[in-house]
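Residues per chain, in single letters:
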Amino acid sequence: GGFTAGIGDLGFPVPFVFAWVAALSELLGGILVALGFKTRLAAAFVFATMTVAVFMRHAADSFRVKELALCYWAMSGAILLTGGGKYSIDGK
């Protein structure tokens, strides 16, 4: 409920749907990146979600508050650019 209200406060239409998309992006995207399966696609979804978190939701917050989201944003961006690597499921 609170997460959905926060999404609505950001101005997204149909905040219930966007809240589910964001939650599934973080959960399933993280699992897929960890497995190395469809790595770039999964990292793209995580990157998009973290872009909203860092630059919209936590824009006015101190660095200490947005540090974790910024770290996830940077890591998912790097994985998006480089892919899963030769030892991932995608690499085999």
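As the structure is a prediction and not an experimental result, all values here were calculated from the model.

Enquirer: So what's going on with the side chain of Ser76? Residues and values would help.
Expert: Tracing the chain through its elements places Ser76 in helix α4 (residues 63-82). The exposure class assigned to Ser76 is buried, which follows from its relative accessible area of 5%.

Enquirer: Residues and numbers for helix α2 (residues 15-35), please.
Expert: Taking 1.5 Å as the rise per residue, α2 with 21 residues should run 30 Å; its terminal C-alpha atoms sit 30 Å apart, in good agreement. The set of residues buried in α2 consists of Ala19, Ala22, Ser25 and Gly29. Buried residues along α2 sit in contact with α1 (2-9) and α3 (39-57). Just past α2, the residue Gly36 takes up positive phi, approximately 80 degrees.

Enquirer: I'd like to hear about the environment of Arg40, residue by residue, with values.
Expert: Residue placement: Arg40 occurs in helix α3. Between the alpha carbons of Arg40 and Ile79 there is a distance of 6.7 Å; along the sequence they are 39 residues apart. Every residue in contact with Arg40, bar those within four places of it in the chain, is listed here: Ile79, Leu80, Leu81, Thr82 and Gly83. In terms of polar contacts, Arg40 uses its side chain to reach the backbone carbonyl oxygen of Leu81, at 3.3 Å.

Enquirer: For the packing of α3 against α4, give the residues involved together with the corresponding values.
Expert: Between α3 and α4, the shortest axis-to-axis distance is 8 Å and the interhelical angle comes to 150 degrees. Between α3 and α4, the crossing angle belongs to the class labelled roughly antiparallel. Considering only the axes of α3 and α4, their crossing is left-handed. Taken together, the residues of α4 that come into contact with α3 (itself represented by Thr39, Arg40, Ala43, Ala44, Val46, Phe47, Met50, Thr51, Ala53, Val54 and Phe55) are Lys66, Ala69, Leu70, Tyr72, Trp73, Ser76, Gly77, Ile79, Leu80, Leu81 and Thr82.

Enquirer: Give me the lowdown on the packing of aromatic side chains, citing residues and values where you can.
Expert: Pairs of aromatic rings are described using the distance from one ring centre to the other and the angle between the two planes. This model, assessed by the stated rule, comprises four aromatic pairs. Each ring, one from Phe12 and one from Phe18, has its centre 5.0 Å from the other, and the planes form 40 degrees; the classification is tilted. On the basis of an interplanar angle of 20 degrees and a centroid distance of 5.4 Å, the ring pair of Phe47 and Trp73 is categorised as stacked. Of this pair, Phe47 sits in helix α3 while Trp73 sits in helix α4, placing them 26 residues apart in sequence. Taking the relative accessible area as the measure of exposure, Phe47 reaches 25% and is therefore partly exposed. Among the aromatic residues, those joined into a cluster by ring pairs are Phe47, Phe55 and Trp73.

Definitions and limits used
Residues numbered from 1 in each chain as written. Predicted model: local features only at pLDDT ≥ 70, side-chain atom pairs only at ≥ 80, totals over all residues. Heavy atoms only, no water. Helix = DSSP H or I, 4+ residues; strand = E, 2+ residues; numbered from the N terminus. Buried < 20%, exposed > 50% of the residue type's maximum accessible area, 1.4 Å probe, protein only. Expected span 1.5 Å × (residues − 1). Contact = heavy atoms within 4.5 Å. Polar contact = N/O pair within 3.5 Å; in protein donor to acceptor, adjacent residues only side chain to side chain. Axes fitted to C-alpha atoms, helices over the stretch in contact; angles between N-to-C directions. Parallel < 35°, antiparallel > 145°, perpendicular 65-115°, else oblique. Left-handed = near helix turned anticlockwise from the far one by under 90°. Phe/Tyr/Trp six-rings, centres within 6.5 Å; stacked < 30°, edge-to-face > 60°.

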